[in-house]
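What follows is each chain in one-letter form.
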Amino acid sequence: MNTPNSHITKIMHREPQQASTRLELINICKSYNLLRANDQIHLKVHAGQIHAILGENGAGKSTLMKIIYGATKADEGQILWNGKEVKIDSPSTARKLGIGMVYQHFSLFETLTVAENIQLGLDEKIDIKTLNEKIIAVSEQYGLPVDPRREVYSLSVGERQRVEIIRCLLQSPSLIILDEPTSVLTPQAVQQLFKTLKLLASQGVSILYISHKLHEIKELCDEATILRNGKVTGHVSPEENSTSDLARLMIGRELPMYIHDEYLGEKQVLFKVSSLNQPTDDPFGVALENISLNLKAGEIFGIAGISGNGQAELLSLISGEKITTNGSIYLEGQNVGKISAGARRDLGLGFVPEERLGRGAVPNMTLSENALLTAFRQSLTKFGLINFEKTKLFAEKCIEKFSVKASGAQAEARSLSGGNLQKFIVGREILQQPKVLIISQPTWGVDVGASMFIRQTLIDLSRQGVAILVISEELEELFEISDYICVLAAGKLSEPMQTRSTNAEQIGLLMSGITSVAHTVDLAHSQQVQA
Amino acid sequence: MYLLEPREKPSRVMKWLSPVIALSAMLVVSSLLFLMLGLDPARALYIFFVEPLTSLYNLSELTIKASPLILIALGLAIGFRAKLFNIGAEGQLTIGAIFGGGIAILFHDHTGWWILPLMVVMGAIGGAFWGLIPAFLKTHFNAEETLTTLMMNYVALFVLLYLVNGPWRDPDGMNFPQSVMFNESATLPFVIEGTRVNASIFITFLALVIFWIFIKKSMSAYKLEVSGQAPMAAKYAGFSSKKAVWLSLGLSGFMAGIAGLCEVAGPIGQLNPNISPGYGYAAIIVAYLGRLNPIGIVLSGFLMALLYLGGEMAQMELQLSVAITGIFQGLLLFFLLASDVLIEKRYRFAKKKLKPRMSETDPTVA
Amino acid sequence: MSIEVTAILAGTIAAATPLVFAGLGELVAERTGVINLGVEGMMLVGAIAGFAFAAQYEASVASALLVGALAGMLMSLIFAFFTLSLSTNQSACGLALTIFGIGISAFIGQNYVSTALPGLQNLNIPVLSDIPLIGPILFQQNYVVYLSILAFIFVWWVLAKTHLGLLLKAVGEAPESAHAMGYNVLGIRYCAVLFGGAMAGIGGAFLSTVYTPMWIENMVAGRGWIAIALVVFAAWKPARLMLGAYLFGGVTILQFHAQTLGLSIPNELLSALPYVATIVVLVVISRDKKLLKLNFPASLGKTFTP
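Being a predicted model, the structure only gives us computed values, none of them experimental. Residue numbers run consecutively from 1 along every chain, following the written order of its sequence. Written order determines the labels here, with chains lettered from A and ligands numbered from 1. Restriction of local features to residues with pLDDT of at least 70 applies here, the model being predicted, together with a cutoff of 80 or more for giving and counting side-chain atom pairs; totals for whole chains, interfaces and linings are based on all residues.

Attention now goes to the overall build of chain C. Helix numbering and strand numbering both begin at the N terminus, where a helix is a DSSP run of H or I of at least 4 residues and a strand a DSSP run of E of at least 2. Of the regular secondary structure elements, chain C holds 14 helices and zero strands. The linear arrangement of helices and strands in chain C, starting from the amino end, is α-α-α-α-α-α-α-α-α-α-α-α-α-α. For the radius of gyration, the atoms used are the C-alpha atoms, and the globule rule reads 2.2 Å times the number of residues raised to 0.38. In terms of C-alpha radius of gyration, chain C reaches 19 Å, essentially the compact-globule figure of 19 Å for 306 residues. Dimensions of chain C, computed from the C-alpha atoms along their principal axes, are close to 60 × 45 × 40 Å. Within chain C, the proportion of its 306 residues that are buried is 55%. Across chain C, the fraction of contacts at a sequence separation of at least 24, relative to all contacts at a separation of at least 6, is 79%. Buried residues are those with 20 or more other C-beta atoms within 10 Å of their own C-beta, exposed residues have 12 or fewer, and partly exposed residues lie in between; C-beta atoms are placed from the backbone. The contact rule is simple: place each C-beta atom from the backbone, and if two of them lie within 7 Å, those residues are in contact.

Another aspect to go through is unusual backbone geometry. Although it is not a glycine, Ser275(A) adopts a positive phi angle of roughly 50°. By the element assignment, Ser275(A) lies in strand E12 (residues 269–278).

Let us now look at the confidence of the model for chain C. Confidence of the prediction at every residue is given by pLDDT, a number between 0 and 100. Confidence along chain C averages 90 in pLDDT terms, with 99% of residues attaining 70 or more. Of all helices and strands in chain C, the one with the weakest mean pLDDT is helix H5 (residues 134–138) of chain C (78), whereas helix H9 (residues 185–211) of chain C scores best (96).

Next up on the list: the packing of helix H11 (residues 279–289) of chain B against helix H12 (residues 294–318) of chain B. Residues and elements named next belong to chain B. Structural elements are reduced to axes, namely lines fitted to C-alpha atoms, with helices fitted over the stretch in contact, and the angle between N-to-C directions of any two is expressed from 0 to 180 degrees. Contact geometry of H11 with H12 gives a least axis separation of 8 Å together with a crossing angle of 140°. As the angle between them shows, H11 and H12 are arranged oblique. Crossing hand, H11 versus H12: right-handed. Residues Ala-282, Ile-285, Val-286, Ala-287 and Leu-289 of H11 touch H12, and the partners they reach there are Ile-297, Ser-300, Gly-301 and Met-304. Its residues assigned to classes, the contact of H11 with H12 shows seven nonpolar, two polar and no charged. Roughly parallel refers to an angle under 35 degrees, roughly antiparallel to one over 145, roughly perpendicular to one between 65 and 115, and oblique to any angle outside these ranges. By convention the crossing between two helices is left-handed if the near helix lies anticlockwise of the far one by an angle smaller than a right angle, and right-handed if it lies clockwise. Residue polarity is assigned by list, with Asp, Glu, Lys and Arg as charged and Ala, Val, Leu, Ile, Met, Phe, Trp, Tyr, Cys and Pro as nonpolar; anything else, Gly included, falls into the polar class.

Residue and element names in this part refer to chain A. Counting through the fold element by element, Leu-249 comes out in helix H8 (residues 243–251). Of the residues examined, Leu-249 has 24 C-beta atoms within 10 Å and is grouped as buried. Note: C-alpha distance between Leu-249 and Val-232 (17 residues apart in sequence) is 9.3 Å. Among residues more than four places away in sequence, those in contact with Leu-249 are Ile-226, Thr-233 and Gly-234.

Now for the interface of chain A and chain C. If you look at the interface, chain A gives 14 residues, while chain C gives 14 residues. Among the secondary structure elements, those contributing two or more residues to the side of chain A that touches chain C are helix H2 (91–97) and helix H3 (114–121) of chain A. Sort the elements by how many residues they give to the side of chain A that touches chain C and H3(A) lands first, with three residues.

With that settled, the discussion passes to the sheet that holds strand E5 (residues 76–81) of chain A. Working definition: the strands of a sheet are paired by backbone hydrogen bonds and lie parallel or antiparallel to each other. All names here are of chain A. Only strands joined by at least two bridges in the DSSP assignment are considered to pair. In space, the four strands of this open sheet follow the order E3-E2-E5-E6, with antiparallel pairing throughout. Here the strands that pair on one side only, and so sit at the sheet edges, are strand E3 (35–46) and strand E6 (84–86). Strand-to-strand twist in this sheet, taken as the mean axis angle between neighbours without regard to direction, amounts to 25°. Pairing of E5 with E6, which is carried by three bridges, proceeds in the antiparallel orientation. Residue pairing for E6: Ile-79 is matched across the bridge by Val-86.

Moving on, we get to the nonpolar core. Of all hydrophobic cores here, the largest spans 392 residues; its most connected members are Ile468(A), Leu69(B), Ile72(B), Ala73(B), Ala283(B), Ala287(B) and Leu230(C). Of the residues forming this core, the biggest block, 16 residues, is contributed by H9(C). In this structure Ala283(B) touches Leu69(B), Ile72(B), Ala73(B), Leu76(B) and Ala89(B), once residues within four positions along its chain are discounted. Joined through C-beta atoms within 7 Å, a set of buried Ala, Val, Leu, Ile, Met, Phe, Trp, Tyr and Cys residues constitutes a nonpolar core.

Residues and elements named next belong to chain C. Contact pair helix H2 (residues 39–57) / helix H3 (residues 61–85): the axes reach a minimum separation of 7 Å and the direction vectors enclose 140°. The handedness of the crossing between H2 and H3 comes out as right-handed. Here Gly-41, Met-42, Val-45, Gly-46, Ala-47, Ala-49, Gly-50, Phe-53 and Ala-54 of H2 lie close against H3, whose contacting residues are Ser-63, Ala-64, Leu-65, Val-67, Gly-68, Ala-69, Ala-71, Gly-72, Met-75 and Ser-76. When the residues that make up the contact of H2 with H3 are grouped by side-chain class, the tally is twelve nonpolar, seven polar and no charged.

Take the interface of chain B and chain C next. When the parts of a complex come together, some accessible area is lost, and that lost area is often used as the size of the interface. With 45 residues of chain B at the contact, the number on the chain C side is 46 residues. Elements supplying a minimum of two residues to the side of chain B that touches chain C: helix H5 (115–141), helix H6 (145–165), H11 and helix H13 (323–344) of chain B. Counting residues per element, the side of chain B that touches chain C draws most heavily on H13(B), at 13 residues. Taken together, the residues of the side of chain B that touches chain C break down into 32 nonpolar, eleven polar and two charged.

With that settled, consider the sheet that holds strand E16 (residues 334–335) of chain A. Residues and elements named next belong to chain A. Pairing is antiparallel across the open sheet formed by four strands, whose spatial order is E13-E12-E15-E16. Two strands bound the open sheet, and with one partner strand each, they are strand E13 (288–296) and E16. In this sheet, E16 lies alongside strand E15 (residues 328–331) in antiparallel orientation, the contact comprising two bridges. When the bridges of E16 are listed, Tyr-330 appears paired with Asn-335.

Residues and elements named next belong to chain A. What you see with strand E7 (residues 99–102) is no split at all: Ile-99 and Met-101 on one side and Gly-100 and Val-102 on the other are buried throughout. Judged from the four bridges that link them, E7 and strand E8 (residues 175–179) form a sheet pairing that is parallel. Considered in E8, the bridge of Ile-99 is made with Leu-175.

Bringing the confidence of the model for chain B into the picture now. Residue and element names in this part refer to chain B. Here chain B shows a mean pLDDT of 87. Residues at 70 or above account for 95%. Within chain B, no element has a lower average pLDDT than strand E2 (residues 345–347), which sits at 76, and none a higher one than H5, at 95. Contacts from residues 352–366, a stretch scored under 50 in pLDDT, to residues over four places away or in other chains number 44 contacts.

All names here are of chain A. Inspection of the secondary structure puts Gly-70 in the loop between helix H1 (61–69) and E5. Exposure remark for Gly-70: the 24 C-beta atoms within 10 Å place this residue in the buried category. Separated by 405 residues in the primary sequence, Gly-70 and Leu-475 place their C-alpha atoms 33 Å from one another. Not counting chain neighbours up to four residues away, the residues in contact with Gly-70 comprise Ile-88, Asp-89, Ser-90, Pro-91, Thr-93 and Ala-94.

Take H1(A) next. Residue and element names in this part refer to chain A. When you tally the buried positions in H1, you get nine out of nine residues, the bulk of the element. For H1, the complete set of buried residues consists of Lys-61, Ser-62, Thr-63, Leu-64, Met-65, Lys-66, Ile-67, Ile-68 and Tyr-69. Gly-70, located one to two residues past H1, shows a positive phi value of around 85°.

Written out as structure tokens, the structure is:
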């Protein structure tokens, strides 16, 4: 399965003669207990180069970046900076060397302003007034519009990323690491980011771009280092390789193909939301406006959109975790808007949330106990007392049918890998034979194998007559499995379209097109890019 | 500054060892305290911890103190599983004593088998009522139960003071703030010859059995457990957090109320300002020390009773203030909390500098 | 009648002073995400420490307050050690501290029950105290009251205007992020908790050496808990805390003037008034979800592991 290092393919486009090596990693190894997260990693990044680190979830990218950024230390190996060996033992050391990091999940303080956040992160002392001016200067120079006086909680995700980047830039880095930066951006905003990065590279800044999105890497990066299972499987030039080449190096096999059987039954509407309006009393929340959708038997309905546009609010209203009086929700014709989550489950609604540990499952409880969480209504209790034997059988059935790798029904939920726990949770809901299944971010943080399994399971399930709603940030995922697709942006839902009659570009436009006044800055830029 | 590192797996051994460690630490510190006071630590420890166990009479006194502690702790344990921090047991037992004691005072000139059971019922209702008020405030107004239950303790105290100083004061009591002594029909009968152990131990025992079944097997207890461990999961599963609040606070008030009634209808025999030496607070420690399970609670109930009894003995023989019991209780809880941490973590011997973690949060964790 | 009103208002300010000290201290601690339920215990220990020192050495109020502060700090150091360095549950630890504090203060205090201290003379600020009506109320207090005002200004200024204040807020919202930035979260929290302890100690010592210059077991009588509730009411803002403290001072004073005001409520029930008021205040503030969410230190009560 694993590609030995001797098969490393070195297809270099051309080695820039004058470009010096800024960062070099030699034989970096790092283990966590028995897991080899990084195994003999070699890496060379030149000045002014945009270098991709490509790999699937769990390949070791994050660990490697932590080592470079000083958040953790390698067990073996050397780091050379501009040719000299260095020891990076903390983020501040890394910063002093000139390494900057833009995290995937931002480390901003919501109740503070942009300027205050940046001030806290700087090593030198600058007063707020001077800082405001500096921030505006940098933001204009690199096309990252942001108002330094706004509180972070009022910013969109895209704006927050800009703050992170500006914070990084204010320290004049010579190497910037970006960790999965585009998962929170519309396709148009991605283009803008690429422009910024290319500008930086032309000024001699090196960029380490971590991603698993092949077409982006092909478009942006000069060179790519591919990781799989902790090892380097290739140093390639993205220009000279097809996405399937890159995919093969990344996941060791061809890109997954899903089997889409035809649904032969009647496509009746099983779940309906009609004119749902939900204002919000949460300063960090999003109001929903006039949401309507129909879920039909035999169909997978996909909602695209970046988190923070109302997904959490919509999901809690659909699942019953929050009840509503401002609109109607019908399950098989029955108005369920005011009834609780438990009661909706009784009527045949299944739900898999995006958070596994702490919401879909209780971390310290066994799989058996977690089965009870929603499946207790499968006659696992009598007169209010639990039947432990039946519960165990249910859990074991779930483990077996859904290929969950666990030591048994007595394994604790937190001891499972993300993919296996997700399979268990999905399995638990499916075994209850729901009529409608709602699933949010089905493959977040899940390895390739489990992702494929889950997606195929959803397709098969729908073909048995179940109506399925998938909410996902991954456009590719929705294009792979959904029959209909629409976009949730700023609390509004777009017109659903047949998936095969649209493309990522159009969906991207919808993501940035239906925005409120507060985000016109985004809109102006996307229009610029369009032109 | 940080002294610990996580274990790979929680230590089963430590779960049962930690109360032992806590107890030992407390004994060490208390020996030091005795030394500082110019006492012989061995003798002081003997008077405190061993002498109360030396005679049958002392053991019976121990039981009288342990019984209410266990009863209240059982009720509290249910709520603590759901991470509902109810510190209002003291007030709940007071109101229970008032409601039940009020029946005794009302029917002071009557006799009959029905008076005592009615008192118990009213005691339960009183305590439950006092617990349901903060429950209402939480479910309807989102007011945290920690502070509201505590404030209710003070209010209950003043209600009691008002009653025994005013309308319920014994006219023949020489102006002392106390009610009439309850008559025979309103007093719990003794069950062991020559001791003060009364019928309340049957109530405690019954509660123990019911509690055991409830915790081990009931779906309600499971729902509470989930609410405590992962509130988002409880919401996802459709477990009503409001019901959890009502159930926990109501049930612990119910138990505390009965315990309060049993005190005034038992060893005290009337209503006066001193119906509880802080049992409501001590029961919190009992519940924690007993790992929130029935056997543990019984054992720690007796231990706590030992601290009380030992304090009384120390007062008689060493002229120490009974406040020393409070010192021990506080220390015990501290050490217990600290040694509990050793279940999930362990002391870091190699003082290597801890790296700052990435602020990356796992998107799959709520 | 106006003499009565003057007495009530002047008394309110004095009565509010221990709440101001303890409340400000707890506010700072909670800003960094640490909830210390041991305020009652710390105040009691500060009270007995200050009192015992003053009685034993015939010392001044100033030194008694200092001793009280040190005693409070010592108590809070125990709490900080257990919760910060040993990751124990903050709420349970705070309760343990209170139980311990009640016990130890009663234990030490038994020797001082019949001792009396001289107390403190009220100041008479020239010119200002001659202003009709507000003169006697505001400008004839003892100096500790004015000290509490200074404390408020200091805390407000630090939190609102300095880099340290920003840092405290950041640590309280997201300690992991602050830690990742390289800040010593535990160190900051230690300092905040110790400050809280010192303030609680001063508040307690004020009670025992100035407000009612004697020692009675449990004399803090729940003010520590009320101070914690006031921090919630204040939505972690110092100015609001002052408002709450003075309101409560008023409620406390009211019970002593009820008869003259013509209220025929039994004494004991009047004594319950501050506690009932606390419940009411908690209910009122908890309903304002927006205010709370924007000001609530998001990591409050949660254990942070570096």
